[in-house]
Amino acid sequence: MTAPPPDGYLGTAGRITSGPAPELVEAGYALEIGDAPLLHRGLTLADLAHLVELTDCGVLRPDEAAPLCAALLDLLDTPAAEFPYDPVYGDAYNSRERELERALGPAAGRLHLGRTRREAGRIAFRLALRDKLLGLHADVAAFAAAVADQAAGHAATLWADTTYLQPAQPSTFGHYLGGFAEQAIRHLDRIETAYGRADASPAGAGGAGGTRLPMDRDRLARRLGFGSVGPHTRDAMWSADALADAVTAAAQAVATLSQLASDLEIFASPAFGYLTLDASMCRASVLMPQKRNPYALPVLRGGAGTLIGRLTGLLATGLTPSARTDNWLYAYGEVAGAIDLAGRLVRLGTAVVAGLTVHTDVLAEQGAQHFTAAADLAEELAQRFRLDYRTAYRVVGRAVAATLADGGTELTVPAVRAAAEDITGTALPVTADLLTAATEPVSAVAARDVPGGASPRRVQEHAQRVQRRAAAARRWNAARRVHIAEAEAQLTAAAKEIACAG
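Residues numbered from 1 in each chain as written. Predicted model: local features only at pLDDT ≥ 70, side-chain atom pairs only at ≥ 80, totals over all residues. Heavy atoms only, no water.

With that out of the way, let us pick up the overall build of the chain. Across its full length, the chain holds 19 helices and six strands. Relative to a compact globule of 502 residues, whose C-alpha radius of gyration would be 23 Å, the chain shows 31 Å and is clearly more extended. By the burial criterion, 47% of the 502 residues in the chain qualify as buried. Across the chain, every contact between residues at least 6 apart in sequence was considered, and the portion connecting residues at least 24 apart equals 75%. If you sum the accessible surface of the chain, you get close to 23000 Å²; carbon and sulfur atoms cover 55% of it. Taking the average place of the 48 positive charges on the side chains of the chain and the average place of its 55 negative ones, the gap between the two points comes to 3 Å. (Helix = DSSP H or I, 4+ residues; strand = E, 2+ residues; numbered from the N terminus. Rg over C-alpha atoms; globule rule 2.2 N^0.38 Å. Buried < 20%, exposed > 50% of the residue type's maximum accessible area, 1.4 Å probe, protein only. Contact = heavy atoms within 4.5 Å. Areas by Shrake-Rupley, 256 points an atom, 1.4 Å probe, with all protein chains shown as cover. Lys, Arg positive; Asp, Glu negative; His and termini not counted. Charge placed at Lys NZ, Arg CZ, Asp CG, Glu CD.)

In terms of nonpolar packing, the biggest core is built from 118 residues, with Leu-129, Leu-133, Phe-173, Leu-224, Leu-243 and Val-335 touching the most fellow members. Take this core: its biggest share by element is 17 residues, from helix H5 (residues 117-153). With residues near it in sequence (within four places) discarded, Leu-129 still touches Ala-198, Leu-243, Ala-246, Val-335 and Ile-339. (Core = buried A, V, L, I, M, F, W, Y, C linked by side-chain atoms within 4.5 Å.)

Further remarks concern the layout of surface pockets. Its volume calculated, the largest pocket comes out at about 390 Å³. What lines the largest pocket is a set of 17 residues, among which Ala-368, Thr-409, Glu-410, Leu-411 and Thr-439 lie closest to the centre. Broken down by element, the lining of the largest pocket gets its largest block of residues, three residues, from helix H17 (residues 432-439). Considering only residue class, the lining of the largest pocket consists of eight nonpolar, seven polar and two charged. When its volume is computed, the second largest pocket comes out at roughly 310 Å³. The wall of the second largest pocket is formed by 17 residues, among which Leu-45, Leu-127, Arg-130, Ile-484 and Glu-488 lie closest to the centre. Elements represented by at least two residues in the lining of the second largest pocket include exactly helix H2 (36-56), H5 and helix H19 (456-501). (1 Å grid on protein atoms, 1.4 Å probe; cavity = no way out; pocket = protein on both sides within 12 Å on 5 of 7 lines; lining within 4 Å. Points joined across faces, edges and corners; volume = space filled by probe spheres on them. Nonpolar A, V, L, I, M, F, W, Y, C, P; charged D, E, K, R; others polar.)

Attention now moves to the confidence of the model for the chain. Confidence in the prediction for the chain averages 93 pLDDT; 99% of positions are at 70 or higher. Taken element by element, the chain is modelled with least confidence in helix H11 (residues 326-329), mean pLDDT 81, and with most confidence in helix H6 (residues 173-198), mean pLDDT 98. (pLDDT = per-residue confidence, 0-100.)

Under the criterion given, the structure shown has 29 salt bridges. In this structure, the salt-bridge partner of Arg-96 is Asp-47, at a minimum N-O distance of 3.2 Å. One end of the pair, Arg-96, is in helix H4 (residues 92-104); the other, Asp-47, is in helix H2, with 49 residues separating them in the sequence. When sorted by exposure, Arg-96 lands in the same class as Asp-47, which is buried. Note that Asp-422 is salt-bridged to Arg-398, the shortest N-O span being 3.7 Å. A residue pair is termed long-range when its members are at least 10 positions apart, and Asp-422 in helix H16 (residues 413-424) and Arg-398 in helix H15 (residues 389-405) qualify at 24 residues. (Salt bridge = Lys/Arg side-chain N within 4 Å of Asp/Glu carboxyl O.)

Right under this line is the structure:
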C-alpha cells in the first residue's frame, strides 16, 4: 500500500519510506487539518515568540531570524482560508512548514530549533481556548444579568413555589428566577477557573522534558500573554485534564439552562398558563394551525445533552497511558466545538429569559390556593400553643384532609379546632384572626426575610448582588482581553524589529 511521498513530506529522508495511505489521510490527517482555522493565528504567534526568544537568548543572530520573522508577520495577517493547508502533509503545522520551506528554503528549518511541532500546537490551542472561554464567560455574565433583571421585576409577584410540581409554599416568582441567577454566578467562577488553567504557558517545554537551549520560559509566557507558566514541562505538553475542566464548565452552564427550559415548557403550557414565551422563540406546527410550540426550549435541553455526551467522550479518550496522541487528536475540535455550542445556547437562553411575559394574576391566584400556607399555620400553632412541630403538623394535615373531604378549598376555624381535638384531645382556641394571619400568602412571603429568602426585599437584594457579580465579570473579561492584545502588540513589535534589523 505504499504511495509516493508528496514533495517535502516530513520524514522521507529517514524512516518514512512512503507517502500517507489515503485511508490515513481521510481518517486522521483530514481531522487534524480541520483544526487549521482554529489554530492558524495561534501557530503564527507561537512561531514568532519562539523566534524572538531564540534571538534574545543568543541562539540565533538577528540576520538569521529576520527572513522568518518577515514571513511570519505576513502570515499573521493571512486568513486561514487563504493558506494552502493540505491534509496530505498531516496536521496544520506540517503544511505551514512546507510553505515556509518553499518560500525560504533551508532557513525555514531554524524555526524548529529546540521545539517540537506539538509545542506550537499546544500553545496555539491554549490561545484559542482562552479566547473561547472569554466569549462563553461574557455570555454567562449576560445571562446572569438578564435573569437578575427579571427576578427584580418580579420580586413581589406572588406564586406557589413547587416541589414535584405540587404546590408547596407561598413564594415570589422573582425568588424562583433568582435561583438560576445564583447558579450562573457559580458558572462564572468555574469558567474563570478553567480560564486560569488554560492560561498556563507550555512554551519552552520542548518535547516533554524541556529544552537544553537557554530559553526563558517566563519571558516566553509574557510574550504570548499567558498569565502563568506551566510548572512541569511534560504535564504542560501532554495532560488534557484542563480541557475537561473547560468543557465541564460549559456543560454545567447549559445544564442550568436545560433545567430552566424544562420548567418554562411546563409553565407556558395552557394547563398552567403561568407565562408566555416571546413569539420569536416559538415555531408553528405544520399540521395544527392553533399550536405555538416553544421551540427554543427543546433546543436548550437537547444542547445540554449533547454537551454532556461531548464531555463524556473527552474523558473517555483521556483513558490512555500518558503522553499519547489519543487524548489530543480529537480534542482540539471537540473542545472548541463544545464551548462554541455552549455559547450559542447561553445566548439563546438569555433571549428566552429577557422575552418572558409573566402572567402575574394567574400566579397570584395559584399562590393563594391549595393550602400553600399549611406549614406556616403549623409553625404558628406550635409557637402559640407550645406544641411540638410534629403534633402541629398532624393537626393541620388532619384539617386539610377533612376540608377536602367536605369539598372545601380553604381552612376554617371549626376545621382546625376539630382537627386539634382529634389529634391532641384538646380544643385549641384557634381564632379567625390567627388563621388569617398565618395563612394569608402575601404576609407569609413577607415573613420569609432571611438573607436569600423569598421576601420582596431579599429578592431585590439578591438581584443586586448578581448584577454586581456580572459587572465584575465584565471587568475581569475586559482586563484579560486588554492584556492579551497588549502582549500581542509587543510581540509583533519585537518581531518587526528583528525583521527590519536583518
